[in-house]
Amino acid sequence: MSDLTPPPDEPMGDQSRARIRAELLRTAHEGRAESRTRRRLVPVIAAAAVLVVAGVTAWAVQAGEGGVDGAPAGPLASTWSTDPTPSPPATRETPSPRPPDQRAGAGDCRAELANTLSGAELAARVDDHTSFWVRGDRFVLCDVRDRTTIHRALPVTPADSVETFRVSTRYVPAGRGAFDVIRVAGGAVPEGAMAYDVEYTFPDGTVVPAETVTGADGRTWWRVEHTSSSDGGNEMSGPPITVRVSLSGVQRTYRLDWASDTCAQANHGC
C-alpha cells in the first residue's frame, strides 16, 4: 500500500521567492492594462455600430428616393456630413418695366391698325388728321386728333349701302361740361365714275360736301368731317344725319341711324 503522506515542507530560497514575486507583479500589471484596453474599446465599438446603422438607414432612404435598381441616389459619405447646407443667396426680383400706354387709340395709325387691317399700307393722306390705308381689296380710314380713331375695314369698291357712309364720333371735352362732337366719314370714289358727289346734312342743319384727294396709285378718296358743340343733351332725340350721293347723275339718299351708323370706329367706343 502506497504512502500518501505528503513530504515535509522544504524551505524556499531567496532567489525562488524573488522570481515568484516578479512573475506575480508582471501578471497583475498585464491584467490592469488589458482591463483599461477593454474599457476604451467599448465606446469605440458602440460608436462604430451607430455609424454603421446610420449609414445603412441613409442608404435605404436614398435608394427609395432616387436610386436605380437598388443603388443609392448619391454618395453615402454625404449623409454623414454634419456641416449645415448653405442656403442659396437671396435673389432680388427686378421689377418689370412699366408697360407702355395700352389705352385704345394711344398709338399711331400703323400701330392701331394691328387689330383691324394688319399690314395695310398708306394709300393717301387728306391732311394732318385723316389718311387712308389699303391692304388688298380692303381699306381703313384713320383719323388722328386727341386720340387715334380707326374705322372698320370696308371694300375699296364701295357698296351701294348705308355701311359705306357711316361716321365715327368723338366727344372731346371743351370745358364747363360741354363737348366738341367730331364726326368723320370717308371712302374711295368708284373707279370710272363720271361724276361723284357726297354731301352730309348734320342735325344742326350744317351741310358739308366731301373733299377729295388722289393717292400715289391714282385712286381718288373722299372725306367729310364736321365738328359741333354739345352740352351733353340727348342728340338722338333730334333729326338723324342724312347723306346725299350723286353718281353719274343718279342720286341716292341715306339716313344714318343713331349709334349703329354713327359709331364707325373699330379700335375704341364712341
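What you see is a predicted model, and the numbers here were worked out from it, not measured in a lab.

Caption draft 1: Spotlight on the overall build of the protein. The helix and strand tally for the protein stands at two helices and 13 strands. Taking all 270 residues of the protein together, the buried fraction comes to 28%. In the protein, 50% of the contacts between residues at least 6 apart in sequence involve partners at least 24 apart. In the form shown here, the protein has an accessible surface area of approximately 18,100 Å², with 55% of it arising from carbon and sulfur atoms.

Caption draft 2: Looking closely at the sheet that holds strand 8 (residues 196-201). The four strands are arranged 9-8-12-13 in an open sheet whose pairing can be described as antiparallel. The strands lining the two open edges of the sheet, one partner per strand, are strand 9 (207-209) and strand 13 (250-256). If you compare each strand with its neighbour and ignore which way they point, the axes differ by 20° on average. With seven bridges joining them, strand 12 (residues 241-247) and strand 13 adopt antiparallel strand pairing. Pairing of valine 245 across the sheet is with arginine 252, part of strand 13.

Caption draft 3: Geometry of the side chain of histidine 226. With respect to the helices and strands, histidine 226 occurs in strand 11 (residues 220-230). For histidine 226, the side chain forms a polar contact with the side chain of aspartate 204, separated by 3.2 Å. Excluding its chain neighbours within four sequence positions, the residues that come into contact with histidine 226 are Val181, Ile182, Arg183, Phe202, Asp204, Thr206 and Val208.

Caption draft 4: Representation of the sheet that holds strand 6 (residues 168-175) in the model. Strand order in this open sheet of four strands is 6-7-11-10, and the pairing throughout is antiparallel. The open sheet has two edge strands with one neighbour each: strand 6 and strand 10 (211-214). When strand polarity is set aside, the average angle formed by the axes of neighbouring strands in this sheet is 25°. As paired strands, strand 7 (residues 178-188) and strand 11 are joined by ten bridges and run antiparallel to one another. If you follow isoleucine 182 over to strand 11, its bridge partner there is threonine 227.

Caption draft 5: Spatial organisation of the state of the cysteines. Counted according to the given criterion, the structure contains two disulfides. Sulfur-sulfur distance for the disulfide between cysteine 109 and cysteine 142 comes to 1.9 Å. Between cysteine 109 and cysteine 142, the S-S dihedral sits near -85°, and the bridge is therefore left-handed. With cysteine 109 in helix 2 (residues 109-112) and cysteine 142 in strand 3 (residues 138-144), this residue pair connects regions lying 33 residues apart in the sequence. Each member of the pair, cysteine 109 together with cysteine 142, is buried. A sulfur-sulfur separation of 1.9 Å characterises the disulfide bridge that pairs cysteine 263 with cysteine 270. Between cysteine 263 and cysteine 270, the disulfide has an S-S torsion of 130° and is therefore right-handed. Since its relative accessible area comes to 17%, cysteine 263 is described here as buried. Along the protein, the cysteines that take part in disulfide bonds pair up as 1-2, 3-4, counted in sequence order.

Caption draft 6: Representation of the pattern of salt bridges within the structure. Enumeration according to the criterion identifies twelve salt bridges in this entry. Close ionic contact of arginine 244 with glutamate 199 constitutes a salt bridge, the shortest N to O distance being 3.3 Å. Taken as a pair, arginine 244 in strand 12 and glutamate 199 in strand 8 lie far apart in primary sequence, 45 residues in all. When its relative accessible area of 28% is taken as the criterion, arginine 244 is described as partly exposed. Owing to a relative accessible area of 26%, glutamate 199 belongs among the partly exposed residues under this scheme.

Caption draft 7: Spatial organisation of the side chain of threonine 262. Among the structural elements, threonine 262 can be located in the segment after strand 13. Overall, the relative accessible area of 6% leaves threonine 262 in the buried class. A polar contact of 2.8 Å, which involves the side chain of threonine 262, links it to the backbone nitrogen of alanine 259.

Caption draft 8: Structural view of the environment of threonine 227. Note on placement: threonine 227 falls in strand 11. Once the C-alpha coordinates of threonine 227 and arginine 170 are considered, the two residues, 57 residues apart in sequence, prove to be 9.4 Å apart. Look past the residues within four positions of threonine 227 in its chain and what remains in contact with it is Asp180, Val181 and Ile182.

Cut-off values and rules
Residues numbered from 1 in each chain as written. Predicted model: local features only at pLDDT ≥ 70, side-chain atom pairs only at ≥ 80, totals over all residues. Heavy atoms only, no water. Helix = DSSP H or I, 4+ residues; strand = E, 2+ residues; numbered from the N terminus. Buried < 20%, exposed > 50% of the residue type's maximum accessible area, 1.4 Å probe, protein only. Contact = heavy atoms within 4.5 Å. Areas by Shrake-Rupley, 256 points an atom, 1.4 Å probe, with all protein chains shown as cover. Pairing = 2+ DSSP bridges. Axes fitted to C-alpha atoms, helices over the stretch in contact; angles between N-to-C directions. Polar contact = N/O pair within 3.5 Å; in protein donor to acceptor, adjacent residues only side chain to side chain. Disulfide = S-S within 2.5 Å. Salt bridge = Lys/Arg side-chain N within 4 Å of Asp/Glu carboxyl O.

Everything listed here is a matter of coordinates, which is why it stays silent on function.
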